[in-house]
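Listed below are the residues making up each chain.
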Amino acid sequence: MIALTWLRGLIRRPGRLVVVTLGVALAVAMLATLGGFLGTSKATMTRRSVSSVAVDWQIQASTGVDPGAVARTVAADPRVRATQVVGFADSPGFTATSNGTTQSTGAGVVLGIPDAYRATFPAEIRTLVGPTRGVLVTQQTAANLHAAPGDTITIARAGLAPVTVKVDGIVDLPQANSLFQKVGAPPGAQPQAPPDNIVLLPDRVWHQAFDPVAMLRPDQVRTQIHARLDHHLPTDPSAAFNTVSGQARNLEVKLAGSGLVGDNLAAALDAARGDALYSQALFLFLGLPGALLAGLVTATFAASGAPRRRADQALLRTRGATVRLITGLALLETAIVGLAAGALGIGIALLAS
C-alpha cells in the first residue's frame, strides 16, 4: 500500500523524473550513436579494403616445383573461390619498327594470361584500345615503342632467338605495384616501382615462347597462382586481417615449401586497421566526455531534490515504513528511470543512425 502511494506521488510530480530520464537518455543516446557509427565505420572500412584488391592472393611456385601441383593445392583450399595460373618471364627488351624507324626498350616482363583471367579478376587489367584478348601491351610500353594495334613487336629472350608477335590491343594495369611484387620479400625489399615495359601474351603463346627459356634459364621464368577468396569476413578490420593472415599461413603449411603466398588482401586490411584504431580514439575522446557531462548535469539536478526526498522519506517512516522498504522504493524509482531512459536513448540513437 505504501509503495502504491509512493508511485502515485511520483506520477503526480513527474517533472523531476522526466528531467532525470531525459538526461540519462541523452547520455545513452550519445554513446549508442557513437558506438553504432564506430561499428558501421569499421564495417565500411573492411568492405572498401576488400573491394580495392584485384587479386587476393598471389602464390608463387618455387623453382623446380610443378606449378600444376601448386595450383591444385591452392584450388583445394576451402576458402579459395577461383584460381588462375599466370606466367612471368623476364625479357632483355622489346623492339618495334614503324614509319621507317626502329624503337627499342630496356628490360621488361612478359606475362602469360589465361583466357578466363579477366573474367576472374576484372579489376587487374583495363582495356584502353583494341580487343580484350590477344597480344596486349601496356600504355607505357606502347609509347616507348610507338606501337599501335596491328603493329609487330619483337620480344628478346635470354639465351634464345627473339620472337615476333602482332599487337592486338593496349591496356593499363591499375594495380601493377601488387602484381609485380616480390612474393615473400619484406616490405622494405619490394621493388620501388613496377617495370616500365610489359607485354601480355595469351597463355598458349607464352608457353610456346618461354617454356624453352625455363629449361635453359629457370631464373628468368616463374609461375604464380592468383586466387580469389571467400569474402565473408568479420566486419572489424583487425579481426578480418587476423582471419585472412591465418588462412594464408595455413596454406603455406599445406604447400610445404612448394610456394609462397603474397597476401594482398591482408595488406589492404592491415592499412584499414590503423584507421579503425583512429576511429576508436575519436570515440573515447569525443563520446565519453559528452556522456560524462550529461551524467554530471543529470546527477546535479537529481541532487537538487534531495531535501524534498528526505522529507518524503521521513514522512514514510512516521507512517511505519522500514529502512528496507524505503530502500526498495528508491531502487524502484531508479529502475523506472533507468528502463525508460535506456529505451528512449536507444530509440534516439536508432533514429540518428
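Everything in this summary refers to the structure shown in the same document.

Rules of the game
Residues numbered from 1 in each chain as written. Predicted model: local features only at pLDDT ≥ 70, side-chain atom pairs only at ≥ 80, totals over all residues. Heavy atoms only, no water. Patch = residues over 30% accessible without salt bridge, like charges linked within 9 Å, V, L, I, M, F, W, Y side chains within 5 Å. Areas by Shrake-Rupley, 256 points an atom, 1.4 Å probe, with all protein chains shown as cover. Salt bridge = Lys/Arg side-chain N within 4 Å of Asp/Glu carboxyl O. Helix = DSSP H or I, 4+ residues; strand = E, 2+ residues; numbered from the N terminus. Phe/Tyr/Trp six-rings, centres within 6.5 Å; stacked < 30°, edge-to-face > 60°. Buried < 20%, exposed > 50% of the residue type's maximum accessible area, 1.4 Å probe, protein only. Lys NZ or Arg CZ within 6 Å of the ring centre and 35° of its normal. Pairing = 2+ DSSP bridges. Axes fitted to C-alpha atoms, helices over the stretch in contact; angles between N-to-C directions. Contact = heavy atoms within 4.5 Å. Core = buried A, V, L, I, M, F, W, Y, C linked by side-chain atoms within 4.5 Å. Polar contact = N/O pair within 3.5 Å; in protein donor to acceptor, adjacent residues only side chain to side chain. Parallel < 35°, antiparallel > 145°, perpendicular 65-115°, else oblique. Left-handed = near helix turned anticlockwise from the far one by under 90°. Nonpolar A, V, L, I, M, F, W, Y, C, P; charged D, E, K, R; others polar.

On the surface, Val 18, Leu 22, Leu 344 and Ile 348 cluster together to form a nonpolar patch covering roughly 320 Å² of accessible area. Mapped onto the nonpolar patch, the elements with two or more residues apiece are α2 (15-51) and α11 (323-352).

Time to look at the packing of aromatic side chains. In the structure shown here, the tally under the stated rule is three aromatic pairs. Centre to centre, the rings of Phe 88 and Phe 180 are 6.0 Å apart; their planes meet at 85°, and the pair counts as edge-to-face. Linking Phe 88 in strand β2 (residues 80-91) with Phe 180 in the loop between α6 (176-179) and β11 (198-202), this pair joins segments that are 92 residues apart in sequence. A relative accessible area of 1% places Phe 88 in the buried class. Look at Phe 180 and you get buried, because its relative accessible area is 10%. Look at Tyr 117 and Phe 121: their rings are 5.1 Å apart centre to centre, the planes differ by 50°, and that puts the pair in the tilted class. On the basis of relative accessible area, Tyr 117 is assigned to the buried category, the value being 2%. What makes Phe 121 buried here is its relative accessible area of 1%. When the ring centre of Phe 241 is taken as reference, the NZ or CZ atom of Arg 273 above it lies at 3.9 Å.

What follows deals with the sheet that holds strand β9 (residues 160-166). Judged by pairing direction, the sheet is antiparallel, and its four strands sit side by side in the order β4-β3-β8-β9 without closing on themselves. The sheet is open, and its two borders are formed by β4 (101-104) and β9, each paired with just one other strand. Neighbour-to-neighbour, the strand axes of this sheet turn through a mean angle of 20°, independent of strand direction. Two strands pair when backbone bridges link them, and strand β3 (residues 94-98) and strand β8 (residues 152-157) are joined in this way by three bridges, in the antiparallel orientation. Bridging across to β8, Phe 94 finds its partner in Ile 155. Of the strands in this sheet, β8 and β9 are in contact with helix α7 (residues 203-216), which crosses β8 at around 15°.

Turning to the sheet that holds β11, a few remarks are in order. Ordered by their spatial adjacency, nine strands build an open sheet running β6-β10-β7-β11-β5-β2-β12-β1-β13, and the pairing between neighbours is mixed. The sheet terminates laterally at β6 (126-129) and β13 (259-263), the two strands that pair on one side only. With strand direction ignored, the average angle separating the axes of adjacent strands in the sheet is 30°. Bridge analysis of β2 against strand β12 (residues 221-229) gives nine bridges, and the strand direction is antiparallel. Across the sheet, Gln 84 pairs through a bridge with His 226, a residue of β12. Sitting on the sheet, helix α3 (residues 67-75) touches β1 (57-61), β2 and β12, and the angle it makes with β12 is about 10°.

Take the nonpolar core next. Trp 57, Ile 59, Val 74, Leu 265 and Leu 269 are the most contacted members of the largest nonpolar core, which has 24 residues in total. Sorting the residues of this core by element identifies β1, α3, β12, α8 (237-255) and α9 (264-304) as the ones contributing at least two each. By residue number, the principal contributor to this core is α8, which donates six residues. When near neighbours in sequence (up to four residues on either side) are disregarded, Ile 59 contacts Val 70, Val 74, Thr 223, Gln 224, Ile 225, Ala 227, Leu 251, Leu 255, Leu 260 and Val 261. In terms of nonpolar packing, the next biggest core, distinct from the first, is built from 22 residues, Val 135, Leu 145, Ile 153 and Val 199 among them.

Neither face of strand β10 (residues 169-172) is open: one carries Gly 169 and Val 171, the other Ile 170 and Asp 172, and all of them are buried. Pairing geometry for β6 and β10, over three bridges, is antiparallel. Residue pairing for β10: Arg 126 is matched across the bridge by Asp 172. Two elements, strand β7 (residues 136-138) and β10, share three bridges in a ladder whose sense is parallel. When the sheet's bridge partners are listed, Val 137 is paired in β10 with Ile 170.

What follows deals with unusual backbone geometry. If you check the backbone angles, His 146 has positive phi at about 55° while not being a glycine. One can find His 146 in the loop between α5 (139-145) and β8.

Before going further, it helps to examine the environment of Arg 249. Following the sequence through the fold, Arg 249 ends up in helix α8. Residues Arg 249 and Asp 263, spaced 14 residues apart in sequence, show a C-alpha to C-alpha distance of 9.6 Å. There is a polar contact of 3.3 Å between the side chain of Arg 249 and the side chain of Glu 252.

The next subject is the pairing of β2. Sheet topology places β2 next to strand β5 (residues 108-113); five bridges connect them, and they run antiparallel. Bridging from a neighbouring strand, Gly 87 pairs with Gly 112 of β5.

This brings us to the packing of α3 against α8. Contact pair α3 / α8: the axes reach a minimum separation of 10 Å and the direction vectors enclose 140°. Regarding the angle of α3 to α8, the classification is oblique. In this structure, the crossing between α3 and α8 has a hand that is right-handed. Contacts between α3 and α8 involve Val 70, Thr 73 and Val 74 from the first element and Leu 251, Lys 254 and Leu 255 from the second. For the contact of α3 with α8, the residue count by class is four nonpolar, one polar and one charged.

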